[in-house]
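Residues per chain, in single letters:
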Amino acid sequence: NGRRLTLDSGDTVGIPPGHFLLVQSGAFAGSGSIINNGPFSLDGTINNTTLSFTVGPSNLSGTGTLNLTSLAGNVAFIRNDDGLLTIGAGQTIAGSGRIGIGANTGDLINNGTNNANQNGRTLMLQPGINFTPGATAVNEATNGGILELLGTYNGGTYQAFAGSQVLLHAAL
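Residues numbered from 1 in each chain as written. Predicted model: local features only at pLDDT ≥ 70, side-chain atom pairs only at ≥ 80, totals over all residues. Heavy atoms only, no water.

With that out of the way, let us pick up the overall build of the chain. The helix and strand inventory of the chain stands at zero helices and 20 strands. Counting over 172 residues, the chain shows a buried share of 47%. Considering only contacts within the chain whose residues lie at least 6 apart along the sequence, 62% involve residues at least 24 apart. Roughly 7400 Å² of accessible area belongs to the chain as shown, and the carbon and sulfur atoms make up 52% of that amount. (Helix = DSSP H or I, 4+ residues; strand = E, 2+ residues; numbered from the N terminus. Buried < 20%, exposed > 50% of the residue type's maximum accessible area, 1.4 Å probe, protein only. Contact = heavy atoms within 4.5 Å. Areas by Shrake-Rupley, 256 points an atom, 1.4 Å probe, with all protein chains shown as cover.)

Have a look at this one:
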């Protein structure tokens with residue numbers, strides 16, 4: 001549980017199976033934020049693992065990659081409860097899992113890259129009220145991965161590379 005986390009280049013942080021990290025907005029500048037310039041991983045291979053942003057505006061920024069791993073019915077989640085989550089232009093979310101799922105999921109602004117790149121596994125985007133891809137947003141499936149889109153999407157790039165799929169259950 002924390003209000004701000006900064007990962008510098010060369011830092012490595014992993015959330016093991018069955019655990020969660022809660023990032024809360026607060027009164028001080030930068031609260032509710034993760035600045036990720038290194039590899040950061042959520043491992044949902046044995047039990048569900050969650051990165052949860054709560055109550056108010058939150059940011060996931062930097063130039064790093066957040067790797068999600070999900071296997072055998074267990075999922076790596078990125079939740080955005082009751083607020084706005086902005087993913088920065090230099091940030092990549094890769095692997096398989098779910099982004100923006102929860103009973104009170106808030107708005108999501110994506111300026112980065114979402115890459116479903118785990119062969120035969122799904123990266124699901126399920127924003128709550130609004131999903132707003134910025135002009136630089138890329139949503140892609142590579143390496144046999146499956147990108148599944150639920151909700152309403154306005155703008156951005158959507159692409160499936162050889163052997164990969166993009167499943168639309170959404171309005172574009």
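Below, the discussion takes up the nonpolar core. A general feature of soluble globular proteins is that nonpolar side chains tend to end up buried together. Residues Leu51, Leu66, Leu68 and Ile78 are the most contacted members of the largest nonpolar core, which totals 26 residues. Secondary structure elements with two or more residues in this core: β3 (20-24), β5 (39-44), β6 (49-54), β8 (65-70), β9 (76-81), β10 (84-87), β15 (122-125) and β18 (146-152). (Core = buried A, V, L, I, M, F, W, Y, C linked by side-chain atoms within 4.5 Å.)

Phi angles above zero are rare outside glycine, and Asn143 is one such case at about 55 degrees. As for its position among the elements, Asn143 is in the loop between β17 (138-141) and β18. Exposure remark for Asn143: the relative accessible area of 56% places this residue in the exposed category.

For the rest of this paragraph, the subject is the confidence of the model for the chain. Of the residues in the chain, 85% reach a pLDDT of 70 or more, and the chain-wide mean stands at 82. Across the chain, the element-wise mean pLDDT spans from 70 in strand β16 (residues 131-133) up to 95 in strand β14 (residues 113-116). (pLDDT = per-residue confidence, 0-100.)

Before going further, it helps to spend a moment on the environment of Asn36. The topology assignment puts Asn36 in strand β4 (residues 33-36). When the C-alpha positions of Asn36 and Gly90 are compared, they lie 9.4 Å apart, and in sequence the two are 54 residues distant. Sequence-distant contacts of Asn36, defined by excluding residues within four places in its chain, comprise Leu7, Leu60, Ser61, Gly62, Thr63, Gly64, Thr65, Leu66 and Gln91.

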